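Here is what each chain is made of, one letter per residue.
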2 protein chains.
Amino acid sequence: MIYVIGIGPGGEESITPRALNAMKSCEIIAGYTKYINLVRDLLPGKGFISYSMRHEILRCHDALMISRDFNIDIALISSGDSGVYGMAGLMLETAKNSGEKIIIIPGMTAANSAAAVLGAPLMNDYVNISLSDLLTSWEVITKRLIAACTGDFVICLYNPASNNRPEHFKRACKILLEYKSPDTPAGFVMNSDRINEYHEIMTLGEIQDCKLINMSCLVIIGNSQSYILDGQIITPRGYKL
Amino acid sequence: MIYVIGIGPGGEESITPRALNAMKSCEIIAGYTKYINLVRDLLPGKGFISYSMRHEILRCHDALMISRDFNIDIALISSGDSGVYGMAGLMLETAKNSGEKIIIIPGMTAANSAAAVLGAPLMNDYVNISLSDLLTSWEVITKRLIAACTGDFVICLYNPASNNRPEHFKRACKILLEYKSPDTPAGFVMNSDRINEYHEIMTLGEIQDCKLINMSCLVIIGNSQSYILDGQIITPRGYKL
């Protein structure tokens, strides 16, 4: 049996009992090194397989082999939700026609964790967009950024920048600024729910030049109704107070 | 002190330790009756305040009074994530200028819970839209449905239908069908992560006439790349298998 598990944003206290119990029921826990290190101490006596970045397809093939050929239960873990930019889809596709039982256990994704740090920015309709163009073309990303503006959604940006594409985030902000006011509240959380968590709140006009945005950040940009109250971003739900 | 807590989709095993510990640290737990009943047995010896539907503003005023005037720690709970169509924003707005300390503890929201039941539909960029027009006009909802289509987002529909507005869901589907193929994979989960959980997977063309869609359902409609594999919805992330 293969469990594809989201361990949540990173903190031990954010792992659901369901995810923890599923990991405890397995002999082997596999995943990206950084995520394995987040759970290793909680799972004494387990075998761990730590992968470097990428190699997602290999991880799924290994899991299938371990479960099917050796009859060993294995947990394939992702941070956040295994079903949001995680391993769930790839694992199901890899196991196609194998008859292997795959159980997907969701977790809290970064947008929700970061939102609570920034206040209450996601109280109304919102989108999650990844700025990584490894798997999605920049044309599609651009189309989605524009659609997010025309729908006046709150926007959560995953993978906002990396060393290989430091200019992506600024390019994305320039697109948003064609449609949204530079005064729109914006914020980021770095290492949300982990050691060295750090956040800042500013405006869309300001955040485009923020040098701190990297792969460990989740960025949230408000809708036209969002405002800053006592250092927190609030998107009103629509109640008449 | 006021904690605004998301208890997750409903299952006891989906409540994070952080949320449970925060509830245990409070003397009083307040919220909609249905959600109070989900946690009552986990919290012996606590005081509970159960509210009927609506009364969200009253709940926040009560919490503020209890914490400020009586110096009693109180947990205001929502199902799912307190920051997604929950109580977080309203509580912050109600406590404005009060100096009261408010701590927001996020939870797993229904979209992530339901997605895992349906397969892996949220592996690429997605939107959350509520079809309730109590607080958002139908014009704005329509605009967002159209924008979600033009951006080719996977679409999660919260509050898809209620007794007061049985036709909303069908109206929404008709809008989506102007832009998306009727063959687009679609599914719903009723009572996700609760007793009597039930789900079905079909197409957008079919789901518009599904009589089972109600307030206890979360609906997910795929993007142009989504497909059905072994009875599950998969939205490819873009890996070349």
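This one's a predicted model, so the numbers in the text were calculated from it and none came from an experiment. As a convention, each chain's residues are numbered from 1 in the sequence order in which they are written. Naming scheme: in the order in which they are written, chains are lettered from A and ligands are numbered from 1. Given that this is a predicted model, residues contribute local features only at a pLDDT of at least 70 and side-chain atom pairs are listed and counted only at 80 or more, while totals for whole chains, interfaces and linings are drawn from all residues. Computation of side-chain values covers all heavy atoms of the structure but excludes hydrogens and water.

This paragraph deals with the overall build of chain A. In this description a helix means any DSSP run of H or I spanning at least four residues, a strand means any run of E spanning at least two, and both kinds are numbered starting from the N terminus. Within chain A, the secondary structure is distributed over eight helices and 13 strands. Taking 241 residues into account, the globule formula puts the C-alpha radius of gyration at 18 Å, and chain A, at 19 Å, falls close to it. In terms of principal-axis extent, the alpha carbons of chain A reach across some 55 × 35 × 35 Å. The classification of residues rests on relative accessible area computed with a 1.4 Å probe and restricted to protein chains. Under 20% of the type maximum is buried, over 50% is exposed, and intermediate values are partly exposed. When the 241 residues of chain A are sorted by exposure, 61% land in the buried category. In what follows, a contact means two residues having at least one pair of non-hydrogen atoms within 4.5 Å. The long-range share in chain A, meaning contacts at least 24 apart out of those at least 6 apart in sequence, stands at 67%. Here, Shrake-Rupley sampling with a 1.4 Å probe gives the accessible areas, and only protein chains in the shown set may cover a residue. Of the roughly 9300 Å² of accessible surface on chain A, 50% is carried by carbon and sulfur atoms. By the counting scheme adopted, Arg and Lys are positive, Glu and Asp are negative, and His together with the chain ends is not counted. Where a charge lies is defined by one atom per residue type, namely NZ (Lys), CZ (Arg), CG (Asp) and CD (Glu). Each charge sign in chain A was given a centre, from 21 positive and 24 negative side chains, and these centres are 4 Å apart. Here the globule rule is a power law, 2.2 Å times the number of residues to the power 0.38, and the radius of gyration is based on C-alpha atoms.

The rule for a salt bridge is simple: a side-chain nitrogen of Lys or Arg has to be within 4 Å of a carboxyl oxygen of Asp or Glu. Going through the model one piece at a time under the given rule, you end up with six salt bridges over all chains. Of the charged contacts in the structure, one is a salt bridge between Asp125(B) and Arg144(A), with a shortest N-O distance of 2.9 Å. On the criterion of chain membership, the pair formed by Asp125(B) in the loop between strand E6 (119-120) and strand E7 (126-130) and Arg144(A) in helix H6 (residues 138-150) is interchain, its members lying in two chains. Note on accessibility: Asp125(B) and Arg144(A) belong to one class, buried. Among the salt bridges present, the one from Asp209(B) reaches Lys170(B), with a minimum N-O distance of 2.5 Å. Within this pair, whereas Asp209(B) is found in the loop between helix H8 (204-207) and strand E11 (217-221), its partner Lys170(B) is found in helix H7 (residues 168-177), the two being separated by 39 residues in sequence. Among the residues examined, Lys170(B) registers a relative accessible area of 27% and is labelled partly exposed.

Alignment of the copies relies on least squares applied to C-alpha atoms, considering only residues that score at least 70 for pLDDT in both. Mapping chain B onto chain A leaves a residual RMSD of 0.0 Å; the transformation is a rotation of 180° accompanied by 0.0 Å of translation along its axis. Each copy turns onto its partner about a two-fold axis. Same-surface contact between copies: 100% of interface residues of chain B are shared with the interface of chain A.

Regarding H7(B), the residues found buried are His168(B), Phe169(B), Ala172(B), Cys173(B), Ile175(B) and Leu176(B). The buried residues of H7(B) occupy an angular sector of 160° when projected down its axis, which confines them to one face. Of all possible arcs, the one meant is that of the directions from the helix axis to the C-beta atoms.

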